Structure formats: C-alpha cells, structure tokens
Amino acid sequence: MLLAIDIGNTNLNVGVFEDDKLCFTFRLTTNLPRTSNEFGEAIVEAIKRHGVEEANIHDVIIASVVPKVMYSLVSGIKKYFHCTPYVVGNDTKSGIHIAAANPGEIGADRIVDAVGAYVLYGGPVIIIDYGTATTYDLVTEDGVFAARVTCPGIKISARALWSNAAQLPEIEIKKPETILAKNTITSMQAGLIYGTIGQTEYIVQKMKEESGIRDVKVVATGGLGRSISEATKYIDIYDPNLTLQGTRLVYERTKAAEAKTSENKGKRRHDG
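Quantities reported herein were computed from a predicted structural model and do not represent experimental measurements.

Undergrad: Tell me what's going on with the overall build of the chain, and back it up with residues and numbers.
TA: Looking only at helices and strands, the chain features seven helices and 11 strands. Against the 2.2 N^0.38 benchmark of 19 Å for 272 residues, the chain shows a C-alpha radius of gyration of 20 Å, consistent with a compact globule. Considering only C-alpha atoms, the chain reaches an extent of 75 × 45 × 30 Å along its principal axes. Residues counted as buried form 46% of the 272 residues belonging to the chain. If you sum the accessible surface of the chain, you get close to 14000 Å²; carbon and sulfur atoms cover 48% of it. A gap of 2 Å separates the mean positions of the 30 positive and 32 negative side-chain charges of the chain.

Take a look at the structure:
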C-alpha cells in the first residue's frame, strides 16, 4: 500500500492507496509543531483506525509547500514505516513540462494537481485549487504547464476582513441564500463566496481568451471548491481528492522511471 501525503499551509492531507484505489483519507493540522515521533505516532494511529497496520505501507510519497515540517515528518516516516519517502520536487519525473523562467518557483502541490488533472481528465485543462491560496494553472493538450495565476484564498480574505475591521465578526464561510444580504454576517458571506465565483469566472474566461485555447476542461479541487463549483457553469469537474491522486500518479511515474534507468544500466553492463 502507498501512503500519499499532501502538506499544505493549513493541513496535512493523507491518503492510503492500494494500487490506484484510494482506500481512505485523513487530515492532521500543519501548524501544530510535532517531533518525528509525534508525526509517526499520529499517522500510525490514524491508519490503524481504518484497519491498516504500518507494516502494510510499503512506500510513502510527500508533496509539500511547508519546508519547516519536512525534517521531522521525513524522520518520523523513516522510524515508523522503515522506508525513505519520495519527495516531489522540480526534478521529479512528473511527465509535465514546466514552461517557466524559474521552474523552482512552482510548488509541489501545483505540480501534482497538474499531473492529476492532466492524466485523469485530459488536456488542455485549467486546474483551480481553492486552498490557502486560490490558484489557477493551465496545462496544454501536450502536457505543458503553460501559465499560472495566484490569488488570496477565501479563508485569507475572510481573516483579513475580521482582523482588520473592528466591527466585523469572525464568521462561518458558506454561500448565503441570496447576494441581497440584510445583515453583517450574510453580507460578508455573500462578498466572500460570490466574490470568489466572480473571480473564478473572470480569470477562467481571461485565461481562455489570452491563451487562445477555448475548448478546455476546468477542474477544481480544495476544501471550499465544492461550494464554488456548484454555483458556476465555468467549472466542469470538482474532484476533492485531485491532489492526492496526482501525488499517487507522480509516485507511479517516478517508480517507472527508476525501473527504466535500472534496466538500461543492466543492459549496458551486459553489452559491456
């Protein structure tokens, strides 16, 4: 079984795969400081609740945008699962070509999202991830990561409202029944959700227009993505597990590349 870990700024999203089947997922909080033992124990306890022993996990892959947790997490994986995890980076054999002046600027989460959307749904595709930041990425028909847009996430915008405006309260983020709000809370909810819907529709339309690619799928993911996707025709597919699926696919491509390299080395030794 494969343990896939997506480390975002808010949560560690963890999935356990048996071949290409996602068996279950769970989350841990990113901002809670943990030692390697605490990481290992928390993950082992979580998988055991789903009936899986640590001995059943044969490999681990991590896609992270939070460098500060990596030392403890990787050490915990080594101690409790007795393997060295694969870590997604720009040198990873993802099958996606990154057309950027500095490919190192592209976060691991965006790489695995791009792989997941491209492999599962085909290209060209625009991937929207409603996470801590809201990101829009364009992958062309031939698998080129061609363009990206980064915006403040819905939760960041919400915190900015209630942190910087003394009379605005902390609220639940959800879509109100109407944009014609009649109180402070629903007016804030309307601004956040309908504002994001408007942002989504404009950015998707503008990306299609400037790229010249009109016939493009739009795939959304991220915790708050469901509410947005249900409220606009500009999103074709909502996949809550896109990042984990993309992480699995990167693992499979990495293993295949390793096997091919090993095979080629064996052939050279034989020919020599």
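Undergrad: Report on the packing of aromatic side chains, specifying residues and quantitative values.
TA: One pass over the structure, following the stated rule, counts two aromatic pairs. Taking the centre distance of 6.5 Å and the plane angle of 25° together, the rings of F24 and F26 count as stacked. Looking at F26, the relative accessible area reads 9%, which means it is buried. When the ring of Y86 is compared with that of Y251, the centres are 5.6 Å apart and the planes differ by 80°; the resulting orientation is edge-to-face. Residue Y86 is located in strand β5 (residues 86-87), and its partner Y251 is located in helix α7 (residues 242-271); the two are separated by 165 residues in the primary sequence. Of the two residues, Y86 and Y251, both sit in the buried class.

Undergrad: Quick one: what's the story with the sheet that holds strand β4 (residues 59-64), residue by residue and with numbers?
TA: Here we have five strands laid out as an open sheet, ordered β3-β2-β1-β4-β5, and mixed in their pairing. In this open sheet, the two edge strands, each paired with only one partner strand, are β3 (21-29) and β5. Here β4 runs beside β5; their pairing, made up of two bridges, is parallel. Note that in β5 the partner of I61 across the bridge is Y86. Where helix α2 (residues 70-81) meets the sheet, it contacts β1 (2-7), β2 (11-18), β4 and β5, and its direction lies at approximately 170° from that of β1.

Undergrad: Residue-level account of the packing of helix α1 (residues 36-49) against α2, with values.
TA: Two elements in contact, α1 and α2, have axes whose closest approach is 7 Å; the angle formed by their N-to-C orientations is 60°. It follows that α1 is oblique to α2 by the angle criterion. When you trace α1 past α2, the crossing you get is right-handed. Along the contact surface, α1 presents S36, N37, F39, G40, E41, I43, V44 and I47, while α2 presents S72, L73, S75, G76, I77, K79, Y80 and F81. For the contact of α1 with α2, a count of residues per class yields eight nonpolar, six polar and two charged.

Reading guide: rules and limits
- Residues numbered from 1 in each chain as written.
- Predicted model: local features only at pLDDT ≥ 70, side-chain atom pairs only at ≥ 80, totals over all residues.
- Heavy atoms only, no water.
- Helix = DSSP H or I, 4+ residues; strand = E, 2+ residues; numbered from the N terminus.
- Rg over C-alpha atoms; globule rule 2.2 N^0.38 Å.
- Buried < 20%, exposed > 50% of the residue type's maximum accessible area, 1.4 Å probe, protein only.
- Areas by Shrake-Rupley, 256 points an atom, 1.4 Å probe, with all protein chains shown as cover.
- Lys, Arg positive; Asp, Glu negative; His and termini not counted.
- Charge placed at Lys NZ, Arg CZ, Asp CG, Glu CD.
- Phe/Tyr/Trp six-rings, centres within 6.5 Å; stacked < 30°, edge-to-face > 60°.
- Pairing = 2+ DSSP bridges.
- Contact = heavy atoms within 4.5 Å.
- Axes fitted to C-alpha atoms, helices over the stretch in contact; angles between N-to-C directions.
- Parallel < 35°, antiparallel > 145°, perpendicular 65-115°, else oblique.
- Left-handed = near helix turned anticlockwise from the far one by under 90°.
- Nonpolar A, V, L, I, M, F, W, Y, C, P; charged D, E, K, R; others polar.

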